[in-house]
Structures are given as structure tokens and as C-alpha cells.
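So you can see what is in the structure, the chains are spelled out below.
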Amino acid sequence: MAAALWSDLKGQVAKMSGTHLRTLLQDQARNDSMFVQSGQIVLDYCRQKVDTETMSKLFELADKAGVEQKKTKMFAGEKINETEGRAVLHPALRAPRDAAISVDGQNVVPEVWKVLDAMKGFSDKVRSGEWKGHTGKALTDVVCIGIGGSYLGVEFVYEALKTCPEAAAAANGRKLRFLANVDPIDVKRALEGLNAETTLVVIISKTFTTAETMLNAKTVKAWLVKELGSEDCVAKHVVACSTALDKTKAFGIDSNNVFGFWDWVGGRFSVWSAVGVLALSLQYGFGTVNQFLEGGHAMDEHFQKASAKENLPLILGLLDVWNGSLLGYEGVAILPYCQALLRFVPHIQQLDMESRALWKSPFR
Ligand SMILES: O=P(O)(O)OC[C@H]1O[C@](O)(CO)[C@@H](O)[C@@H]1O
């Protein structure tokens, strides 16, 4: 059945290859059917090389491939990441406090909120000046050390919020820097103009073994110790977002200052966990970051409940199958006209490409 549908879709490829987009765009009913919305997010896909017949075959493909059932399994915490044998539960990171989402029979939402509350408490203390550095000064600047999934999403959201008036006001007088590359020039750029007395270092590493992150962490720790004159400064100036408590302890970080996450958070989606929430709360305040989490939750609900034809993530996924596997396009252009989204592309590129690398085709 699915094979027949696939060959039908190949027929659509032949039809679309001989049809100019200008011709497709003359059909207003087609264009209108390709304008869908969830809250304030609009998806207008009328400039994709599809007509309504192609789309109905793609929706049929989703149905035959069991997307609905797979979605149910995902939100039920089943281990749908087959290559790594893990649940895929980043939606639990942005679920409301009273939600229930289970992994291995245990509701993980209370654990998520325990860490969110701890991050709120810590970031409020740092921002208010109640938390003092080694020499008694308030910490106004933050350097995040991490790489790949433990860096790109955080930097993207930091940049996206920088020009939002409410977030900018909350960040007044504070700096947030990122250090990912092991090139000493990146260390220099990250620390440029910072005073160790007023700097907090956030080491972000799920495993706390990643070579680049560990080298940068040691380099910046040495800078703090040299500037502040004692190893004791680490307890006040270094915190971590990690799942490896033994390793963060060995590095000298107080276990109260380690903000955890879980095996079911893939690195590429981890901006929604402590990886993103801590640094962003230090810069913009927890309230603003909580709005980001609420936005993500609204999209999770839409993905779960909207019908296929109105379902933004599903439609984008189907268009990806169409463009990549059927039309054979080898690249995707993401063009954020809004300059505040300047770091969106590296974030999505890493997220998308790493997901593809981990995907196990049912056909191989
Ligand atoms: O958070 P960690 O353990 O330092 O790992 C970072 C690496 O893990 C990933 O986030 C996911 O594999 C990569 O993108 C990144 O290079």
C-alpha cells in the first residue's frame, strides 16, 4: 500500500517538474489552502512546488506511515529514538507544572519543575546582587562555555531576545558571552573587558567530557584563579548545567550549583533545558524565559491536537520529505529576514543535521 502511494508521489514529481511555480500561484483556492496558522505563527507554503493533489497524497503518506501513532508514542515517553534507545521528551521541559508525562512509569514533570525553580532562585539571587563573588561584589557578567547542542540554541535565543524591549530592559547593565571554539582568540574575545570579580562562568556540558568544552573550562578557571588569587573562588564564580554530577564535583563545582537535565533530552533540543534556561534567565530574568517555554508548549499542543491539514510541524515535515526524498533537492535555504534571528540558521542546521545522522531508516 505504502509502495503504491510512493509511486503515486513519483507521478506527482513528474507532473510538478513540468509545471512552473508562476502557474501554480495563479490558483487562488490552492494558495488559500496553503496558508495555515497557529496562534500568531503563520505558515504560508504556497511557494512550494506542490498542488492540492500532491498535498493530499502527502497527508495520506503521513497517515500510512503511522505518524499519529508515533506522535502518541513520543508524548507517552516511549523510546522512539531507536539509534540511542531513548525517549524523546523535550516537550516535558516546557510542560506546565500540573502536567503529567511519564518515562519508565515515572512522571518527569515534577523533576523538571524542581530544576526550573532552582534556576529561578539562583538567577534571581545573582541578578539582585544577593549572590556575591569571591571578593564580595555582585556578578554582572556571564560567560557560557559549551559547544554544538550545548551552545548554538542558547546563543540563538540570546540574540533573538536582545532587541525585544522588555528583555533588553531586563538585561540592562549585564553581559552574556559565549565560548565554544578552542582557538585562543575565542577565549580572548569572550573575556575581553571582563573583570573576574564580577564574572560568573556557566559550563554547559551534558557529559562534562567534551574535549573543547573541558579545555575552555580549564582555561577560564585558571584565569579566575589567577585574577582572584585563590582556588576557593570556583565555588562562587563557576556553575554547571550537566548530567554528570561526579565530574562537575571533581572540577570543584558545588553540587548545589549544578543544574541537571535528563537522558531523554537530546543535545540538539537542549536549549529548553538547563542548557538554555539558566544562562538566559541570568541575562533576561526567569519570567521572560518562562514565556519562551510557554510558547514552545503552545506549539507542542498544536502539534498534538491540530488536524493534519492545519498542523504546522507535520506540514513542514511532509514538505521536507517532498523536497528532499522526492524532488531530490540537496539543500535547504533558511533566510531569516528578521535580523534578530541571525543565529537561527546555525542552530537549526546543527539540530536538523544531527537528527538526520541519528535517524534510522525503516528501509535499511
Ligand atoms: O553537552 P556535551 O556533552 O558537552 O556535548 C556536546 C556535543 O553533544 C551534542 O550536543 C549532541 O551530540 C553535540 O552537538 C555537541 O557537540
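Residues numbered from 1 in each chain as written. Predicted model: local features only at pLDDT ≥ 70, side-chain atom pairs only at ≥ 80, totals over all residues. Heavy atoms only, no water.

Explanation requested: the side chain of asparagine 323 in the structure shown.
Residue position: asparagine 323 is located in helix α16 (residues 312-326). Owing to a relative accessible area of 16%, asparagine 323 belongs among the buried residues under this scheme. (Helix = DSSP H or I, 4+ residues; strand = E, 2+ residues; numbered from the N terminus. Buried < 20%, exposed > 50% of the residue type's maximum accessible area, 1.4 Å probe, protein only.)

How should I be thinking about the packing of aromatic side chains in this particular structure?
Any two aromatic rings considered together are summarised by their centre-to-centre distance and by the angle between their planes. Within the structure shown, the criterion is met by 10 aromatic pairs. With centroids separated by 4.9 Å and ring planes inclined at 75°, the aromatic side chains of phenylalanine 122 and tryptophan 131 adopt a geometry described as edge-to-face. Across this residue pair, the class does not change: phenylalanine 122 and tryptophan 131 are buried. Relative to phenylalanine 259, the ring of phenylalanine 122 has its centre 5.5 Å away and its plane inclined at 45°; by these criteria the two rings are tilted. Of this pair, phenylalanine 122 sits in helix α7 (residues 109-128) while phenylalanine 259 sits in strand β9 (residues 258-259); the two residues are 137 residues apart in sequence, bridging distant segments of the chain. Judged by relative accessible area, which is 3%, phenylalanine 259 ranks as buried. Taken together through their ring pairs, the aromatic side chains of Tyr151, Tyr158, Phe178 and Tyr284 make up a single cluster. Above the plane of the ring of phenylalanine 303 lies lysine 71, whose end atom (NZ or CZ) is 4.9 Å from the centre. Over the aromatic face of tryptophan 272 sits the side chain of arginine 94, whose NZ or CZ is 4.5 Å from the ring centroid. (Phe/Tyr/Trp six-rings, centres within 6.5 Å; stacked < 30°, edge-to-face > 60°. Lys NZ or Arg CZ within 6 Å of the ring centre and 35° of its normal.)

What should I look at first to understand the site of the ligand in this one?
Looking at the ligand, the residues that line it are Ile147, Gly148, Gly149, Ser150, Ser205, Lys206, Thr207, Thr210, Gly267, Gln350 and Glu354. The backbone of lysine 206 places a nitrogen or oxygen atom 2.8 Å from an oxygen atom of the ligand. Relative to its unbound accessible area of 390 Å², the ligand is 74% covered by the protein chains. Judged by the fraction of its atoms near the pocket grid, the ligand is located in the second largest pocket. By residue class, the composition of the shell around the ligand is 1 nonpolar, 8 polar and 2 charged. (Near = heavy atom within 4 Å. Polar contact = N/O pair within 3.5 Å; in protein donor to acceptor, adjacent residues only side chain to side chain. Areas by Shrake-Rupley, 256 points an atom, 1.4 Å probe, with all protein chains shown as cover. 1 Å grid on protein atoms, 1.4 Å probe; cavity = no way out; pocket = protein on both sides within 12 Å on 5 of 7 lines; lining within 4 Å. Sits in = over half its atoms within 2 Å of the grid points. Nonpolar A, V, L, I, M, F, W, Y, C, P; charged D, E, K, R; others polar.)

Sorry if this is basic, but what is going on with the environment of threonine 140 here?
Within the secondary structure, threonine 140 sits in the loop between α7 and β5 (141-145). C-alpha separation for the pair threonine 140 and threonine 199, spaced 59 residues apart in sequence, amounts to 6.4 Å. A distance of 3.5 Å separates the side chain of threonine 140 from the side chain of aspartate 141, its partner in a polar contact.

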